[in-house]
Amino acid sequence: MAVNAIDVTDLTIAYKDKPVLWDVDMEVPSGTLMAIVGPNGAGKTTMIKSILGLIKPAAGQVLVYGKPYAEQRHLVGYVPQRGSVDWDFPTSVLDVVMMGRYGALGWLKRPGASERAAALDALDKVGMKSFAERQISQLSGGQQQRVFLARALVQDAQLYFMDEPFQGVDATTERAIVTLLQELRSAGKTVVVVHHDLQTVPEYFDWVTMLNVRRIACGPVGDVFTDENLRKAYGGKVAFLSAENGRKS
Amino acid sequence: MFSSSIVRGQWSTLMDISQLFYNLLFDYTLRTVALGSAILGIVSGALGSFAVLRKQSLLGDAISHAALPGIVLAFLLTRSREPVILMLGALIAGWLATLFMLNVIRTTRIKDDSALGLVLSVFFGFGLMLLTFTQRLPDATQAGLDKFLFGQAATLLQRDVVTMAIIGVLAIALLMTFWKEFKLITFDTEYAASLGYPVRFLDVLLTTLLVVAIVLGLQTVGVVLMSAMIVAPAAAARQWTDKLKNMVILGGLFGAMAGVSGTLISGSAEKIPTGPVIVLCMSAIVLFSMLFATNRGLVWNWFRNLQNRRQLRAQAVLGDLNTLAMQHPNEARGHSSAVLRAMSTNPEGVSLALSQLKEQGLAQELGKDAWALTQAGLDEAGKTEEKEA
């Protein structure tokens, strides 16, 4: 069997003395489109940040394609939450997208013609090519999200992490992003998405991890996205959602 | 009699200014001092741009105030008034204050603004106490350390300016070398970390450069007002441009302009501390930029809004004229402005809009107060309708 894209074992993370993630295991096979779902404060963002080495775990191990992240960085692309940066920063869309090549460029080398071409190509894929020279403060929320996606696309990765890419975008953009994610999966890439809208999970994704500080379930959507697991993850709060889901399954 | 004294007054001002320029070119002391101020302006303007974008404007204030005990302690330990030694003391103190502050934020529940306030007042208070103590020492009365409070550019010697130039060139060279990396961590720190850049190291390096920029200006501008030279040039530059590179260059330029003009003005009168005058010059540049900058300036925006409003008003009247023309498809008939006023939501603007449309060749006056669209106007209205559909 092929090596998993991600293997997380016994991951525990605490802020001060409060556990955010507790003894979590997660395994994601290569070539899946996976959602991480769970209530607010369940540790979804913390999960992907710790895989990316941005947060130091108190215990546990993370492997990306069988090796530690530091060795596999070139295989990984990251789309942070749109609200994590100041969009009034004085720079252009093209410039932001080119930042996706900075990792491959390494120290001191300046981006040049090939980085520019790659960035324009990625912008074309997300339907933003005509915005290349636009100042980023002039973008709408959906456009900002597309720019971040394009920046991850130029990383030309095998494994993508996206933190709430559908947050505050309109229906058209959501469709466009989903199509793009499915294309990535068809090309053999693995995509991990922190997701909020439970109703679209079965439609968009084929794999799901349900978190609430502890791991509730992890597996194919058809097997683990059940009423019982949803109740475990969300408590009684999603009765109406699980009823809907019950009809579907 | 009266008028001739005014003329004489103007004449002497003119003489003063030309004298100033003459001195700037040929007076050794003035040239040295102006050069020093220019260097401090360039370095603080360029690095200040990054500090402002990283939301560290207040950090600059804390660092400059925290430098005071460093300066006094350096003097007490070495009994030397060499600027290089005093600057080294300032550098160490500024750096320690920064580290202390970052650790307070990281390890306690104290938030960054409180930590900044805390560090600023503790270090500055300690510095003032040391300064008072030092001035009571029998041999320290000549030290003139209190010049560091508000700055005194006249105390700059050529040696100091050479030191400043070397350090300034080094700082700018480092900024250019790590340009891509600094830009990345300033825009998106976590993304930079995910790409494998040592964010902590880059952060410390950039902050160190900021401390250096501040220390460079202390002798000229003083600890109390130095933070203005970090924030103000960047704030002014941001008004004019949407590119980081241009912002940094403009910031440096504005800083230098304020530095040199402030030094010259304070140098022309006795006993005016340089710092406040430089900061006043800088404020004038900020004010001008806020009002008149082509990108974000208030006056420019107001003008653009006015243009937009006019354009919209003309568009509405164009639409109305088109509607009227549709009712008589086969004849070119004129319509009075009274009809248009009745159709318009903004009747007072109709005659202005009509003359504007006429100027643009979209409308014509067939007879007295009989308006109709030209062929170009009809095409334009058709296009607008298509767009709306």
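Residues numbered from 1 in each chain as written. Chains lettered and ligands numbered in written order. Predicted model: local features only at pLDDT ≥ 70, side-chain atom pairs only at ≥ 80, totals over all residues. Heavy atoms only, no water.

### A word on the overall build of chain A
Stated precisely, the cut-off is as follows: Segments assigned H or I by DSSP are reported as helices when at least four residues long, segments assigned E as strands when at least two residues long, and all are numbered from the N terminus. Residue contacts follow a heavy-atom distance rule, with two residues in contact if any of their heavy atoms lie within 4.5 Å. Computed with a 1.4 Å probe, the accessible areas rest on the Shrake-Rupley method; for each residue, only the protein chains presented here act as cover. As used throughout, the charge tally considers Lys and Arg to be positive and Asp and Glu to be negative, leaving His and the chain termini uncounted. Every charge is mapped onto a representative atom, which is NZ of Lys, CZ of Arg, CG of Asp or CD of Glu.
Secondary structure assignment for chain A yields eleven helices and nine strands. With the C-alpha coordinates aligned to their principal axes, the bounding extent of chain A is approximately 50 × 40 × 35 Å. Once local pairs closer than 6 in sequence are excluded, the contacts in chain A between residues at least 24 apart make up 68%. Summed over its atoms, the accessible surface of chain A is roughly 10800 Å², and 50% of this surface lies on carbon and sulfur atoms. Each charge sign in chain A was given a centre, from 27 positive and 27 negative side chains, and these centres are 3 Å apart.

### With respect to the domain arrangement of chain B
The cut-off we apply is this: These domain boundaries are the output of an automatic or database domain assignment.
Here chain B is described as being made up of domain 1 (21-295) and domain 2 (300-388). Put simply, the middle of domain 1 of chain B and the middle of domain 2 of chain B, counted by C-alpha atoms, are 57 Å apart.

### Description of the sheet that holds strand E5 (residues 76-79) of chain A
The strands making up a sheet associate through hydrogen bonds between their backbones, and the pairing can be parallel or antiparallel. Residues and elements named next belong to chain A. We count it as follows: A pair of strands is labelled paired if DSSP reports no fewer than 2 bridges between them. To get an axis, fit a line to the C-alpha atoms, keeping to the stretch in contact for a helix; angles then go from 0 to 180 degrees between the N-to-C directions.
The six strands are arranged E5-E6-E7-E3-E8-E9 in an open sheet whose pairing can be described as mixed. The sheet terminates laterally at E5 and strand E9 (214-220), the two strands that pair on one side only. Direction aside, neighbouring strands of the sheet carry axes that sit 15 degrees apart on average. Here strand E3 (residues 33-37) pairs with strand E8 (residues 207-212) via four bridges, running parallel. Paired with Ile 36 across the strands is Thr 209, a residue of E8. Relative to the sheet, helix H6 (residues 141-153) contacts E5 and strand E6 (159-163), its axis offset from that of E5 by approximately 170 degrees.

### Some remarks on the packing of helix H2 (residues 28-53) of chain B against helix H11 (residues 226-240) of chain B
Residue and element names in this part refer to chain B. Convention followed: In this scheme, roughly parallel covers angles under 35 degrees and roughly antiparallel covers those over 145, while 65 to 115 is roughly perpendicular and the rest are oblique. Each crossing gets its handedness from the near helix: less than a right angle anticlockwise from the far helix is left-handed, clockwise is right-handed. The nonpolar class holds Ala, Val, Leu, Ile, Met, Phe, Trp, Tyr, Cys and Pro. Asp, Glu, Lys and Arg form the charged class, and all remaining residues, Gly among them, are polar.
Packing of H2 against H11 brings their axes to within 7 Å, and their N-to-C directions diverge by 70 degrees. With respect to H11, the element H2 is oriented roughly perpendicular. Read as a crossing pair, H2 and H11 show a hand that is right-handed. Contact residues: H2 offers Leu 40, Gly 41, Ser 44, Gly 45, Gly 48, Ser 49, Ala 51 and Val 52, while H11 offers Met 226, Met 229, Ile 230, Val 231, Pro 233 and Ala 234. Looking at the contact of H2 with H11 residue by residue, the class counts come to nine nonpolar, five polar and no charged.

### Considerations on the pattern of salt bridges
Put simply, the rule reads: Note on definitions: salt bridges are taken to be side-chain nitrogens of Lys or Arg within 4 Å of carboxyl oxygens of Asp or Glu. Buried, partly exposed and exposed residues are distinguished by accessible area as a fraction of the type maximum, computed with a 1.4 Å probe on protein chains only: under 20%, between the cut-offs, and over 50%, respectively.
Scanning the entire structure with this criterion turns up 15 salt bridges over all chains. Lys183(B) serves as the salt-bridge partner of Asp95(A), at 2.3 Å between the closest nitrogen and oxygen. Of this pair, Asp95(A) sits in helix H3 (residues 93-98) while Lys183(B) sits in helix H8 (residues 179-187), on two different chains. Each member of the pair, Asp95(A) as well as Lys183(B), carries the same accessibility label: buried. For Asp206(A), the salt bridge identified is with Arg185(A), shortest N-O distance 2.8 Å. Residue Asp206(A) is found in the loop between helix H8 (201-204) and E8, and its partner Arg185(A) is found in helix H7 (residues 171-186); the two are separated by 21 residues along the sequence. Using a relative accessible area of 28% as the deciding quantity, one classes Asp206(A) as partly exposed.

### Topic: the interface of chain A and chain B
You'll often see interface size given as the accessible area lost when the parts meet. Test applied: By buried area we mean how much accessible surface two parts lose on assembly, using a 1.4 Å probe and totalling the loss over both. Side-chain atoms alone can form a polar contact between residues adjacent in sequence; in general such a contact is a pair of N or O atoms within 3.5 Å, and within protein one must be able to donate a hydrogen while the other accepts it.
Contacts between the two partners involve 31 residues from chain A and, on the opposite side, 31 residues from chain B. Together, the buried faces of chain A and chain B total about 2800 Å²; carbon and sulfur atoms form 60% of this surface. Contact with chain B buries surface across chain A, with Phe89(A), Pro90(A) and Trp107(A) losing the most and accounting together for 25% of the total. For the pair chain A and chain B, the interface holds five salt bridges. Inspection of the chain A/chain B interface yields 15 residue pairs in polar contact (both at pLDDT 80 or more). If you list the elements that add at least two residues to the side of chain A that touches chain B, you get H3, helix H4 (102-105) and H6 of chain A.

### Notes on a nonpolar patch on the surface
Residues and elements named next belong to chain B. For clarity, the cut-off: For patch detection, residues must exceed 30% relative accessible area and be free of salt bridges, and they are connected within 9 Å for like charges or within 5 Å for nonpolar side chains (Val, Leu, Ile, Met, Phe, Trp, Tyr).
Where nonpolar side chains cluster on the molecular surface, the patch consists of Leu 287, Phe 288, Leu 291, Phe 292, Leu 298 and Val 299 and spans about 530 Å² of accessible area. Those elements that provide at least two residues to the nonpolar patch are helix H13 (274-292) and helix H14 (298-327). With four residues, H13 is the single largest residue contributor to the nonpolar patch. With respect to the helices and strands, Leu 287 occurs in helix H13. On the basis of relative accessibility, which here comes to 51%, the residue Leu 287 falls in the exposed class.

### Details of the confidence of the model for chain B
Residue and element names in this part refer to chain B. Convention followed: What pLDDT expresses is the predictor's confidence in each residue, scored from 0 to 100.
Mean pLDDT for chain B: 85, with 90% of residues reaching 70 or above. Mean pLDDT across the elements of chain B ranges from a minimum in helix H1 (residues 2-26), with 61, to a maximum in H8, with 94. The ipTM value of the predicted complex is 0.89, and its pTM value is 0.82.

### Some thoughts on the nonpolar core
Convention followed: What makes a nonpolar core is a set of buried Ala, Val, Leu, Ile, Met, Phe, Trp, Tyr and Cys residues whose side-chain atoms join them at distances within 4.5 Å.
By size, the foremost hydrophobic cluster in this structure holds 169 residues, and its most contacted members are Ile6(A), Phe161(A), Phe182(B) and Leu218(B). What Phe161(A) contacts, discounting residues up to four positions off in sequence, is Ile6(A), Ile48(A), Ile51(A), Leu52(A), Val76(A), Gly77(A), Tyr78(A), Val79(A) and Val192(A). Core analysis: the second largest hydrophobic core is formed by 15 residues, Ala353(B), Leu354(B), Leu362(B) and Leu373(B) among them.

### What to know about the packing of aromatic side chains
Counted only if it meets this: Under the pairing criterion, centres of Phe, Tyr and Trp rings, with the six-membered ring standing for Trp, must be within 6.5 Å; the plane angle then separates stacked pairs below 30 degrees from edge-to-face pairs above 60, leaving the rest tilted. Note on geometry: a ring has a charge over it if NZ (lysine) or CZ (arginine) is within 6 Å of the ring centre and within 35 degrees of the ring normal.
Counted under the stated rule, the structure contains 13 aromatic pairs over all chains. Among the aromatic residues, ring-to-ring pairing joins Trp107(A), Phe50(B), Phe178(B), Trp179(B), Phe182(B) and Tyr197(B) into one connected group. Sitting above the plane of the Tyr191(B) ring, Arg151(A) keeps its charged end 3.4 Å from the centroid. Looking at Lys180(B), its charged tip hangs above the ring of Tyr102(A), at a distance of 5.6 Å from the centre.

### Quick notes on the pairing of strand E1 (residues 6-15) of chain A
All names here are of chain A. As judged from the five bridges shared by E1 and strand E4 (residues 59-64), these two strands associate in the antiparallel manner. Among the inter-strand pairings, Thr 12 is bridged to a residue of E4, identified as Ala 59. Here E1 pairs with strand E2 (residues 18-28) via seven bridges, running antiparallel. By the bridge assignment for E2, Ile 13 is matched with Leu 21. Linking two consecutive strands that pair antiparallel, namely E1 and E2, is a turn of two residues; a positive phi of about 55 degrees is found at Lys 16 within it.

### So, the environment of Met210(A)
Residues and elements named next belong to chain A. Here Met 210 shows up in strand E8. The spacing of Met 210 and Val 62 is 148 residues in sequence and 18 Å in space, taken between C-alpha atoms. Among residues more than four places away in sequence, those in contact with Met 210 are Val 37, Arg 215, Ile 216, Ala 217, Val 224, Phe 225, Asn 229 and Leu 230.

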